[in-house]
Amino acid sequence: MGEKVLMKGNEAVAEAAIRAGCRLYFAYPITPQSELIEYMSRMMPKAKGTFIQAESEIAAINMVYGAAGCGKRAMTSSSSPGISLKQEGISYLAGANLPAVIVNVQRGGPGLGDIQPAQGDYFQAVKGGGHGDYKMIVIAPSTVQEFADSASDAFDLADKYRHPIMILSDGLLGQMMEPVEFQPMKTTEEIEELNKQHFDWCIHPNQPEPNHHHHEINSLEIDPIILEQHVIKLGQKYDVITEKEQKWEEYSLNNDNEILCVAFGTASRLVKSAVDQLNTEGFNIGLIRPIRVWPYPYDAIKKAITDNVKKVAVFELNLGQMIEDVRLAVNGKVPVKFMGKVGGILFTPEEIKAQLEEWLQEEK
Amino acid sequence: MKVIAQRPKSLTDLAFTYCPGCTHGISHRLIAEAMDELDMRDQTMGVAPVGCSVFAYKFFNCDMAEAAHGRAPAVATGMKRARPDMHVFTYQGDGDLAAIGTSEIIHAANRGENISVFFINNAIYGMTGGQMAPTTLPNMKTSTSPYGRDVADIGYPIQVCELISSLRAPYYVERVSLLSPQDIIKAKKAVLKAMKFNKEGRGFTLVEFVSTCPTNWGMTPLDAMKWAKENMYPFFKLGNFRDKSLEGGE
Ligand SMILES: Cc1ncc(C[n+]2csc(CCOP(=O)(O)OP(=O)(O)O)c2C)c(N)n1
Ligand code: SF4
């Protein structure tokens, strides 16, 4: 571990990806992720990697498909409208069992929306987005440090499960500066070792016999019986991921919480300050912050609803998307309240505090 | 005993899934023979399209990727950048390359991406049952141009070699046909040239094959050949559009 440097989230995640062994990056400019592509354009050549400003997000994700098919760590990034264009490619990556990392620096939508931070792509990220039966592991950082750390986490998970992984951030995390400490740069030998683990399936010509065989990267199975088996296998992979890869933070959680808050990413930062203030005033509020929003930590939320919890309060920068997963976890046990902000506007900790006070008051 | 016709090593022994008389089989064979003759099979990675030739990834006996419809040049770009030591080719139909994938092909060509593109122009969407393609000829009837392609309404067929050779980067662009034995011999030469240039790392190469789709044209294979000569040649002129090896420069 080195010293801390002050950096924008977009640049930190780019630097961390290079350190994690990513040598192939393809993307198309869009605000508020442009610092990421610009950083890559400067630093990839220095790392002797490939940077291509693609002609579109569609081309970029398909370049990732080709590079990942060769067993290399490859990444693309964009913001909401561009992520919509990548959905076709993400579905193909999932269908072909390819490891890859996709960063979404979310902005306000729908349509062209605006360029301010938002969380409106939650459904798209965790419920599919592209066509067919697939799931992506979705990492939702809430600080610049976490944003950076999510890069190596994402590549490791992608390799482990041969699967596309999304980092779901937003314009605030992308553009704010915070101190960040990086993992050491992987050496060429370490990167080669990582690539080697894919040699049994990836496109890897020119191997001496008998190791040379015809490898195919493909998501097509025209025979329904074979496709059925293929999709069932994918489903089994999602089951393993669901069991093993949930990750969340418990904040001020205890058996006497009156209200349990649930929030992720940027929204959770603001909720934390409101929770801190209320708890110093003598209330008892807890927070669960899903660090990965798929697989979703349903059981952690269920467990946190002790007999003292009167309400669950969900805060999101959208019209209410993750709340559907929270409701599944709560399963009617207590009321689930919602506060949202849209249009790329953030709520302030004071607004959150006032809202929580109102909900606490209802109990009296 | 001398072997005169042998299946190229660069084809697997799977039987083709093409209709009788379809030219896809011929273009597969030419590419595979060229790969054998240049001894490139072990250094080659191919990208199959979506179209009748979707199973090209099973037919070519080298490492292959199957791309989404039209995206083959982008996938090939990712592969070539990941493995610059290897040769990469795409195999694409006219719907794949000249409609849904226009952006990917133009930009791969414009970057001078070091890949070979084999473009099968049969003036129709074969796989989906004979709809109009961007290369469908004026007044030609298809299942989605039942009154004939009306150029006033939907425009003229796209001439891919002309379009690609308007860019500066491409190294070699040639239109050949598969309509007669002589044409096939010429086509083979073009394929060999394209692959050799790529082996030498010279840049982007594209070979367009004027082809037929007897099934969706509703003709016998022989009639389809005749029809194509009469109707496609006036629009899709055979010949070389770019060969930088003859220019001396760049
Ligand atoms: C995104 C998408 N749109 C449409 C299709 C359906 N589709 C499959 S093949 C094809 C056209 C193929 O025509 P062409 O490229 O000319 O190849 P051919 O079959 O004639 O060899 C279409 C429209 C698809 N698979 N994916
Ligand atoms: S439909 Fe046409 S292009 Fe497709 S295999 Fe049959 S003849 Fe060939």
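Here, the structure is the one placed above.
Residues numbered from 1 in each chain as written. Chains lettered and ligands numbered in written order. Predicted model: local features only at pLDDT ≥ 70, side-chain atom pairs only at ≥ 80, totals over all residues. Heavy atoms only, no water.

### Quick look at the interface of chain A and chain B
The interface of chain A with chain B comprises 31 residues on the first partner and 35 residues on the second. The junction of chain A with chain B conceals about 2700 Å² of combined surface from both sides, 59% of it contributed by carbon and sulfur atoms. When the buried surface of chain A facing chain B is broken down by residue, Glu55, Pro205 and His214 of chain A rank first, second and third, together holding 21% of it. Taken together, the connections running from chain A to chain B amount to two salt bridges. The residue Glu55 of chain A makes a salt bridge to Arg111 of chain B at a minimum N-O spacing of 3.0 Å. Counting residues per element, the ones that place at least two in the side of chain A that touches chain B are β2 (24–27), β3 (50–53), α3 (57–69), α4 (80–95) and β9 (216–217) of chain A. (Contact = heavy atoms within 4.5 Å. Buried area = accessible area lost by both parts, 1.4 Å probe. Salt bridge = Lys/Arg side-chain N within 4 Å of Asp/Glu carboxyl O. Helix = DSSP H or I, 4+ residues; strand = E, 2+ residues; numbered from the N terminus.)

### Remarks on the sheet that holds strand β14 (residues 311–316) of chain A
Residues and elements named next belong to chain A. Pairing within the open sheet is mixed, and its five strands lie in the order β10-β12-β11-β14-β15. One side of each edge strand has no neighbouring strand; the edge strands of this open sheet are β10 (248–251) and β15 (336–340). Between one strand and the next, the sheet's axes are offset by a mean angle of 20 degrees, whatever the strand orientation. Where β10 meets strand β12 (residues 285–290), four bridges bridge the pair, whose relative direction is antiparallel. What sits directly across from Glu250, in β12, is Ile288. Where helix α13 (residues 349–363) meets the sheet, it contacts β11 (259–262), β12, β14 and β15, and its direction lies at approximately 160 degrees from that of β14. (Pairing = 2+ DSSP bridges. Axes fitted to C-alpha atoms, helices over the stretch in contact; angles between N-to-C directions.)

### Side note on the nonpolar core
Counting residues in each nonpolar core, the largest one holds 125 residues, and the members touching the most others are Met75, Ile301 and Val312 of chain A. A per-element tally of this core places helix α6 (residues 144–161) of chain A first, with nine residues. Two domains share this core, each providing at least three of its residues, namely domain 1 (5–196) and domain 2 (249–361) of chain A. With sequence-adjacent residues up to four places away left out, Val312 of chain A is seen in contact with Leu260, Val262, Ile305, Val326, Val330, Val334, Pro335, Val336 and Lys337 of chain A. Of all hydrophobic cores here, the second largest spans 35 residues; its members include Ala34, Leu38, Val54 and Phe60 of chain B. (Core = buried A, V, L, I, M, F, W, Y, C linked by side-chain atoms within 4.5 Å. Buried < 20%, exposed > 50% of the residue type's maximum accessible area, 1.4 Å probe, protein only. Domains from an automatic or database assignment.)

### With respect to the site of ligand 2
All names here are of chain B. Around ligand 2 sit Tyr18, Cys19, Cys22, His24, Cys52, Asn122, Gly126, Cys213, Pro214, Thr215 and Asn216, and those are all the residues in its vicinity. Of all the elements, helix α9 (residues 214–217) adds the most residues to the shell around ligand 2, at three residues. Residues that form the shell around ligand 2 fall into these classes: six nonpolar, five polar and no charged. (Near = heavy atom within 4 Å. Nonpolar A, V, L, I, M, F, W, Y, C, P; charged D, E, K, R; others polar.)

### A short note on the layout of surface pockets
Size it by volume and the largest pocket reaches roughly 530 Å³. If you list the elements that add at least two residues to the lining of the largest pocket, you get α8 (188–196) of chain A together with α3 (72–82) of chain B. The element contributing the most residues to the lining of the largest pocket is α8 of chain A, with five residues. Tallied by class, residues from the lining of the largest pocket come to seven nonpolar, seven polar and nine charged. By volume, the second largest pocket is sized at about 440 Å³. Elements with a contribution of two residues or more to the lining of the second largest pocket: α4 and α9 (224–244) of chain A. Per element, the largest residue contribution to the lining of the second largest pocket is five residues, and it comes from α9 of chain A. (1 Å grid on protein atoms, 1.4 Å probe; cavity = no way out; pocket = protein on both sides within 12 Å on 5 of 7 lines; lining within 4 Å. Points joined across faces, edges and corners; volume = space filled by probe spheres on them.)

### Details of the site of ligand 1
Residues and elements named next belong to chain B. Residues in contact with ligand 1 amount to 16 residues; listed here are only the nearest, Cys52, Asp94, Asp96, Gly126 and Met127. Between an oxygen atom of ligand 1 and a main-chain N or O atom of Asp96, the distance comes to 2.8 Å. Between ligand 1 and Met127, the relevant distance is 2.9 Å, taken from an oxygen atom to a main-chain nitrogen or oxygen of the residue. Contact with the protein chains hides 76% of the accessible area of ligand 1, taken as 600 Å² for the molecule alone. (Polar contact = N/O pair within 3.5 Å; in protein donor to acceptor, adjacent residues only side chain to side chain. Areas by Shrake-Rupley, 256 points an atom, 1.4 Å probe, with all protein chains shown as cover.)

### Structural notes on the pairing of strand β7 (residues 164–170) of chain A
Residues and elements named next belong to chain A. Burial runs high along β7: seven of the seven residues are buried. The alternating pattern of β7 places Pro164, Met166, Leu168 and Asp170 and Ile165, Ile167 and Ser169 on opposite faces, both of which are buried. Regarding the hand of the β-α-β motif, the stretch spanning strand β6 (residues 137–139), α6 and β7 is right-handed. (Right-handed = clockwise from strand over helix to strand, strands pointing away.)

### Digging into unusual backbone geometry
All names here are of chain A. Cis peptide bonds are those with omega within 30 degrees of zero, and the linkage from Thr31 to Pro32 qualifies with 5 degrees. Here Pro32 is to be found in the loop between β2 and α2 (34–46). With a phi angle near 55 degrees, Lys48 is a residue other than glycine that sits in the positive phi range. With respect to the element layout, Lys48 can be found in the loop between α2 and β3. Lys48 sits in the exposed class, given a relative accessible area of 75%. The residue Asn97 is not glycine, and still its phi comes out positive at about 55 degrees. Following the sequence through the fold, Asn97 ends up in the loop between α4 and β5 (100–106).

### Re helix α5 (residues 102–110) of chain B
Residue and element names in this part refer to chain B. The complete set of buried residues in α5 reads Glu104, Ile105, Ala108 and Ala109. Along the axis of α5, the buried positions cluster into a sector of 125 degrees, meaning they face one direction only. Phi turns positive, to about 65 degrees, at Gly112, one or two residues after α5. (Arc of directions from axis to C-beta.)

### Observations regarding the sheet that holds β3 of chain A
Sheets are built from strands that pair by backbone hydrogen bonding, the pairs being arranged parallel or antiparallel. All names here are of chain A. Ordered in space as β3-β2-β4-β5-β7-β6-β13, the seven strands form an open sheet in which the pairing is mixed. Sheet topology places β3 and β13 (292–294) at the edges, where each strand pairs with a single neighbour. The sheet shows a mean angle of 20 degrees between the axes of neighbouring strands, taken without regard to direction. As paired elements, β6 and β13 share two bridges and run antiparallel to each other. Bridged to Val138 within β13 is Trp294. Against the sheet, α3 engages β2, β3, β4 (74–78) and β5, with an angle of about 165 degrees to β4.

Taken by themselves, the reported measurements are silent on function.
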